[in-house]
Every structure is written in structure tokens, then in C-alpha cells.
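# Commentary on secondary and tertiary structure
What follows is the residue order along each chain.
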Amino acid sequence: MSYSTFNRKQFDSMKEPMFFGENVNVARYDQQKHPIFEKLIEKQLSFFWRPEEVDLSSDRKDFQKLEEHEQHIFLSNLKYQTLLDSVQGRSPNVALLPIVSLPELETWIETWSFSETIHSRSYTHIIRNIVNDPTKIFDDITVNKEITKRADSVSVYYDRLIEMVSLYNTLGLGTHHVPEHGDIEISMRSLKKALYLTVASVNVLEAIRFYVSFACSFAFAERTLMEGNAKIIKLIARDEALHLTGTQHMLNLMASGKDDPEMAIIAQECKEEMRNIFIEAAEQEKDWASYLFKDGSMIGLNAQILGQYVEYITNVRMQAVGLDTAFGTKHNPIPWINAWLVSDNVQVAPQEAEISSYLVGQIDNDLSESDFDDFDL
Amino acid sequence: MTTLTSNKPDKVRDKVHRVLLGKKQILVTEDEPLLVQLEREGIHVEYQCREGYCSSCSIKLLWGHVEYPFEPLAWVQSGYMLACCAIVKSDIEIAFFSD
């Protein structure tokens, strides 16, 4: 079955599953099988922001004053964030668009990926502002072993799904031999399983890995350092909170079987594997914490505290997708992070476009002539 | 009958419910969501967006009834509630997921 950019079949898109049904034809939102995705799109659009809105001039001075090991923490964290958003800015589109079957979900995936590209652009904005030669930092992302290790684990499920879907689209169901990759079995069951595990690993990326990096960014700002950076990360965190809600909805809709009964069976079968994805990611994040703080800690954050936060946030995220918690840490070891994560104080002036409740172009058409009665010229 | 209806809004506003949390008991009104009222009592609840889309403030609702003035965007697990936007409508018992 090959992908069509405009499926000519006539079908009722309200009866299609989220994925692996008919390719979407008409991008219509007058009727929606899962209205939540339309609501997420609207929310995401109301969040629109641009990195250049945030002034970073004092961050440059702050950065130069940081001790060497603190610069290592800051830059490594930024490289990691750059890697995560490089993956997220393209992968939902590449992996999920060829198999999505609902117009509102298709558009949510595109809106979601687009917002990640803003994040990527903001890392360039940050790096340009704090160092003279951004090239050194960006080049290290593909060379540094600690970073590339993370790249493998965040892209492996995406890459497998993409490979399987491209085989499915060109050769159809069956077992196909791919040079250097061996025999790959393509069945609807194996495709759906690869999809479910991909969404689980994306949820881990957005709901755990990103939050660990946010903790590092905000730890500097807690000491009134790198505050411009923290402002940008705050905007990113607001977007990520919405994205993780999106993937939680997908996972829970799949597991409930309300969308596609076969997905419920697969979710049940994959429970252990999904649990392991969460636990492995948490262990990787803890290793990462040791790498960050290898030359010394900073006031308010060290490898141990960050490790506890990893365990805590993993427990929270596992619970949210119906898994039993895996770690002993039951309380947030860095409760100050909430004050940085909270979205409603992202900006103080409503005319500064980021405030989510302030929508540009809101016009009240519901006026009558009597509304101007007390108006004198 | 007319007097009853016109009195209703005030009566609703004055309604006070008990919230049980472990051995603690606090009184809340229907004026505001649960989260702010818990914070005022010095009870720490995790939060991020405070408008129902991030699910950070998800807590267990063991029994009792809450309502959402707007349907939250976050997925609410059965047996859980979002403290940031839920209005308490009866006596309730809550617990944190870690308890």
C-alpha cells in the first residue's frame, strides 16, 4: 500500500483509527473523531513566540563569569537540548505523517513539530549570544561520545518505525530482506507495535529527558545567572507540557482500545517493554547527570539531586500512562522548579505576545448602536 | 419559587466542603479551584501550567465529586483529578500519587 498525498477513495474519516487506516485526503476540521487534537492545535497556536523576543545581553556577561565546570554544565545541557529538538523538529513529521489517518491528528503532528523548530532556532539564538564561535558547540554534538550515546537512544524507535513504514509502503506486507539489516517482518501487528513503542519513547523524551534539562537551565537562574536563557527555556517548557499531553492522549487512546481495538491488545503486550523504555531512559539520564557534574557541582544542584529528580519525574510520567511507578523517590527534590515552570507568569505585559490568554486579533463583533450612547465627540 | 432561584447563586457560593488528605482535613469553597486553596493551607502540590493542560497537578480523588468549569486538555486518569482547575462539589478525600 503506497502513500498518497490525496487519497481518492471515499470513506468516513470519523470511522478511521488514528494510525494505519486510510491516508488522509481532505484536511477538514468540521467533524473530528478526537476533538482533543484540535484543542491542542489551538492552544499551541496561542503559544506562538519567537526567540528574538528575549534579550540575552546579560547572559553573555554571566556566562563569562561562570567557573569552568559550570560552563561545562551549561554548554553540555544546551547541546543535549539542541539534540533533542533536532530530533523532535523532524521526526514526528517523517515517522507519523505517512501513517496518520485523521485530519485533526495530522495537523496536530505538524503543529507540534513546527513548534519544536522554534526551539531549535532559539538554541542558535542562545549560543550565538554567549560564545564567539557557535560552530565549535554545534560540531561537538555529532562528535562528543556522551551526546551521541543520547542520540542513539532518542532516535532508535523512530528510525525503526520509519524503516518499517517505508518497506510497507513500497513492498507491502511480508518478510523483506534489506541489505545489512537482514530480514524484516512487516505485518500490521509489527507495524502497530513499532508505532506504540515509538510514541512511548517520544513521551519519555518530552516528559522526562526535557525536564531533566530544564532543571539544569533553571538551576542557573535560581542563582540569578543566565536569566535570558531561563526565559527562553520557560517558553520551551510551556510548549513541551502541551506536547507531552498530546503523546499521553495518543498512548491512552491506543491502550483503551476505543480508537483501534487491536491497539489495546498491543498496548497490553508491550506493557513490560514500555516500562523498560521508561526505566532505561531514567538510568541514562542519571548517567548523564554524572557526566554533567563530573568536574564539580553547582549551588543548588548536583548529580545526586538531579538523579533523584530523574527518578521522581519518571514515576510521575509512568503513572500518567497507566504504568506502576519504578523508583523510591516520591517527592520532588527540587520543588523550586515549579515556580520556573509555571506558565502564567511567562510575561508580565499582555501586549507581549506570549501570554497564552492574550490572543492577537480578538475583535468583539457583538456591538449594538446603543453601545456608543455615552460616547461624545 | 422565584425567591428560591434568585437566592441560588449566593447559596452555591457559600457552600463549604471538607477535603480529607491523610489525617489532615481542610475546608474549601466552590469559589476557586482546589489547588489555590490547598496552597493557602500550606499544602505543597506539584504544578506547572495551572490551566489544565500539563497534568502536573494530577492527584488521586479517592471519593467525592469535583467539576471542571472548562474541560481540561490534559488526560485525566480515572480515579484522578486535576487540582489546578477542579471545583470541589462535595466532601472529598484526596491523596498524592506517591501515598
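Note that the structure is predicted; figures quoted are calculated from it, not measured.

On to the overall build of chain A. Regarding its fold elements, chain A presents 12 helices and two strands. Listed by position from the N terminus, the elements making up chain A come as α-α-α-α-α-α-β-β-α-α-α-α-α-α. Rg of the C-alpha trace for chain A: 23 Å, near the compact-globule value of 21 Å for 377 residues, within the 12% margin. The principal-axis extent of the C-alpha atoms belonging to chain A is close to 70 × 60 × 40 Å.

Okay, the packing of aromatic side chains next. The relation between two aromatic rings is expressed through the spacing of the ring centres and the mutual angle of the planes. A full pass over the atoms with the stated rule returns 11 aromatic pairs over all chains. Taking the centre distance of 5.3 Å and the plane angle of 55° together, the rings of A:Phe47 and B:Tyr53 count as tilted. Here A:Phe47, found in the loop between helix H1 (35–46) and helix H2 (57–65), pairs with B:Tyr53, found in the loop between helix H2 (34–40) and strand E3 (58–63), and the two come from separate chains. Pairing A:Trp288 with A:Tyr291 gives two aromatic rings, centres 5.3 Å apart and planes at 35°, and the pair type is tilted. Here the residue A:Trp288 and the residue A:Tyr291 both occupy positions in helix H10 (residues 271–292), the gap between them amounting to three residues, near one helical turn. Pair check on accessibility: A:Trp288 and A:Tyr291 agree, each one buried. Feature note: the residues A:Phe63, A:Phe74 and A:Phe220 constitute an aromatic cluster, connected by ring pairs. Over the ring of A:Phe47 we find A:Arg238, and its NZ or CZ is 4.3 Å from the ring centre. The aromatic ring of B:Tyr47 is capped on one face by B:Arg50, whose charged end is 4.6 Å from the ring centroid.

As a further point, take the side chain of A:Ser46. Here A:Ser46 lies in helix H1. Among the residues examined, A:Ser46 registers a relative accessible area of 12% and is labelled buried.

All names here are of chain A. Here helix H6 (residues 145–171) spans 36 Å end to end across 27 residues, near enough to the 39 Å set by a 1.5 Å rise per residue. At serine 155, H6 is deflected by roughly 45°, the largest bend along its length. Positive backbone phi, at 85°, marks glycine 172, one or two positions downstream of H6.

Residues and elements named next belong to chain A. It is the contact of H6 with H10, at a shortest axis distance of 11 Å, that shows an interaxial angle of 165°. It follows that H6 is roughly antiparallel to H10 by the angle criterion. Handedness of the H6/H10 crossing: left-handed. Counted together, Glu146, Ile147, Arg150, Ser153 and Tyr157 of H6 and Ile277, Gln284, Glu285, Trp288 and Tyr291 of H10 form the full contact between these two elements. When the residues that make up the contact of H6 with H10 are grouped by side-chain class, the tally is five nonpolar, two polar and three charged.

All names here are of chain A. At a minimum axis distance of 11 Å, the contact between helix H4 (residues 103–130) and helix H8 (residues 227–256) shows a crossing angle of 160°. The angle between the axes of H4 and H8 places the two elements in the roughly antiparallel class. The handedness of the crossing between H4 and H8 is left-handed. Along its contact with H4, which presents Leu105, Trp108, Trp112, Ser115, Glu116, His119, Ser122, Tyr123, His125 and Ile126, the element H8 presents Asn229, Ile232, Ile233, Ile236, Asp239, Glu240, Leu242, His243, Gly246, Thr247 and Met250. Its residues assigned to classes, the contact of H4 with H8 comprises 10 nonpolar, eight polar and three charged.

All names here are of chain A. Looking only at helix H9 (residues 261–269), the buried set comprises Met263, Ile266 and Ala267. The buried residues of H9 occupy one face: seen down the axis, they fall within an arc of 105°. Of the exposed residues in H9, the ones pointing more than 90 degrees away from its buried face are Pro261 and Gln268. Measuring from the backbone nitrogen of glutamate 262 back to the side-chain oxygen at the start of H9 gives 3.1 Å, which picks out aspartate 260 as the cap.

Among the nonpolar cores identified, the biggest contains 126 residues, and A:Phe19, A:Leu105 and A:Leu195 are the most heavily contacted of them. The dominant element in this core, judged by the number of residues it contributes, is helix H7 (residues 188–222) of chain A, at 22 residues. Aside from chain neighbours lying at most four places away, what touches A:Phe19 is A:Leu96, A:Ile99, A:Val100, A:Ser101, A:Leu105, A:Ile109, A:Leu195, A:Met250 and A:Met254. B:Val19, B:Val28, B:Leu35 and B:Cys84 belong to the second-largest nonpolar core, a separate cluster that totals 26 residues.

This part covers a negative patch on the surface. A cluster of like negative charges, contributed by A:Asp366, A:Glu369, A:Asp371, A:Asp373, A:Asp374 and A:Asp376, occupies part of the molecular surface. With respect to the secondary-structure elements, A:Asp373 resides in the segment after helix H12 (337–341).

All names here are of chain A. Throughout the structure, instances matching the rule amount to 24 salt bridges over all chains. Here arginine 209 and glutamate 285 are joined by a salt bridge, their closest N and O atoms 3.1 Å apart. Pair noted here: arginine 209 is in helix H7 and glutamate 285 is in helix H10, with a separation of 76 residues, a long-range link. A single burial state applies to arginine 209 and to glutamate 285, both of which are buried. Among the charged side chains, a network of salt bridges with common partners joins Arg189, Lys192, Asp260, Glu262 and Glu269.

The rules behind the values
Residues numbered from 1 in each chain as written. Chains lettered and ligands numbered in written order. Predicted model: local features only at pLDDT ≥ 70, side-chain atom pairs only at ≥ 80, totals over all residues. Heavy atoms only, no water. Helix = DSSP H or I, 4+ residues; strand = E, 2+ residues; numbered from the N terminus. Rg over C-alpha atoms; globule rule 2.2 N^0.38 Å. Phe/Tyr/Trp six-rings, centres within 6.5 Å; stacked < 30°, edge-to-face > 60°. Buried < 20%, exposed > 50% of the residue type's maximum accessible area, 1.4 Å probe, protein only. Lys NZ or Arg CZ within 6 Å of the ring centre and 35° of its normal. Expected span 1.5 Å × (residues − 1). Bend = angle between axes of the 7 residues up to and from the residue. Axes fitted to C-alpha atoms, helices over the stretch in contact; angles between N-to-C directions. Parallel < 35°, antiparallel > 145°, perpendicular 65-115°, else oblique. Left-handed = near helix turned anticlockwise from the far one by under 90°. Contact = heavy atoms within 4.5 Å. Nonpolar A, V, L, I, M, F, W, Y, C, P; charged D, E, K, R; others polar. Arc of directions from axis to C-beta. Polar contact = N/O pair within 3.5 Å; in protein donor to acceptor, adjacent residues only side chain to side chain. Core = buried A, V, L, I, M, F, W, Y, C linked by side-chain atoms within 4.5 Å. Patch = residues over 30% accessible without salt bridge, like charges linked within 9 Å, V, L, I, M, F, W, Y side chains within 5 Å. Areas by Shrake-Rupley, 256 points an atom, 1.4 Å probe, with all protein chains shown as cover. Salt bridge = Lys/Arg side-chain N within 4 Å of Asp/Glu carboxyl O. Lys, Arg positive; Asp, Glu negative; His and termini not counted. Charge placed at Lys NZ, Arg CZ, Asp CG, Glu CD.

That is the geometry; function is a separate question.
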